[in-house]
Amino acid sequence: MLPLDSLMSTQGVMVMLLVAYAGAMWMFLSSAPKVHTLMVSDLEIARQFYEGDLQLLAAEVPLHYYYNYEQTLGLSTIDPIYMPTNFSSAATKTSASGATDGLWYQLKKNVQLHVIGGASLGEKDRQRHVCFDRDCLEQILLRVQSRYVKFKVRREDPLNFLVKTYEGLVIEMSEVSN
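Parameters at a glance
- Residues numbered from 1 in each chain as written.
- Predicted model: local features only at pLDDT ≥ 70, side-chain atom pairs only at ≥ 80, totals over all residues.
- Heavy atoms only, no water.
- Salt bridge = Lys/Arg side-chain N within 4 Å of Asp/Glu carboxyl O.
- Buried < 20%, exposed > 50% of the residue type's maximum accessible area, 1.4 Å probe, protein only.
- Helix = DSSP H or I, 4+ residues; strand = E, 2+ residues; numbered from the N terminus.
- Pairing = 2+ DSSP bridges.
- Core = buried A, V, L, I, M, F, W, Y, C linked by side-chain atoms within 4.5 Å.
- Contact = heavy atoms within 4.5 Å.

Asker: Can you help me understand the pattern of salt bridges in this one?
Answerer: Here the idea is simple: oppositely charged side chains can pair when their charged atoms come close. One pass over the structure, following the stated rule, counts 9 salt bridges. A salt bridge links Glu 123 to Arg 126, with the shortest nitrogen-to-oxygen separation between them at 3.8 Å. For Glu 123, a relative accessible area of 45% puts it in the partly exposed group. Relative accessible area serves as the criterion here: at 14%, Arg 126 is assigned to the buried category. The shortest N-O distance in the salt bridge between Glu 172 and Arg 154 comes to 4.0 Å.

Asker: Any chance you could explain the pairing of strand S7 (residues 160-164) here in plain terms?
Answerer: Each regular strand displays side chains that alternate between the two surfaces of the sheet. Counting buried positions along S7 yields 4 of 5 residues, so the element is predominantly enclosed. Bridge analysis of strand S6 (residues 150-155) against S7 gives 5 bridges, and the strand direction is antiparallel. Bridge pairing links Val 153 to Phe 161 in S7. Examined bridge by bridge, S7 and strand S8 (residues 170-175) share 5 bridges and lie antiparallel to one another. Paired with Leu 162 across the bridge in S8 is Glu 172. Connecting S7 to the next strand, S8, in antiparallel fashion are 5 residues, including Gly 168 with a positive phi near 95 degrees.

Asker: What should I look at first to understand the nonpolar core in this one?
Answerer: Among soluble globular proteins, nonpolar side chains are generally buried collectively. Within the largest apolar cluster, 25 residues are counted, with the highest numbers of intra-cluster contacts made by Tyr 50, Leu 113, Ile 140 and Met 173. Looking at this core, the elements with two or more residues in it are strand S1 (34-40), helix H3 (43-53), strand S3 (103-108), strand S4 (111-117), helix H5 (134-146), S7 and S8. The leading source of residues in this core is H5, at 5 residues. Apart from residues lying up to four places away in sequence, Leu 113 is in contact with His 36, Leu 38, Tyr 50, Leu 56, Leu 103, Trp 104, Tyr 105, Leu 107, Cys 136 and Ile 140. Residues Met 39, Ile 116, Val 130 and Val 176 belong to the second largest nonpolar core, which totals 5 residues.

Right, here's the structure in full:
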């Protein structure tokens, strides 16, 4: 065992603080939900679809998103076809409370969906929902199938499918390929 005087020295206290900090960070990060970000062309239509047709429950904004985490994703590397011409006005903004704007839904127990504006309209002025993560779109497709919403898979790789809402609106779901 370590002598008590070396444990209570400046170096010993610093080591204990670092170990405590590492433990706290590990607990925080391991309990943080996985977040899928989905860019849509119209937030209000997206709200109606996800809350109405898919009946997703609203989720709390994860703590790590309060610090502009999404701003560091490198949105400048996105293909312009998925972005409106005036991207600066459609980019995610920070509200007065410090939380990032957008819609937050619970997909699974520890998986959340963050819906933000920024996608351009698809062909025939279709609403477009764009995602960089195939797993996100697969989970949405499973939810669409379980809610008996009409859909048509157009392409498997990258994943692209159409969804027809109960109101008759067609939404294109697209995976961004590299």
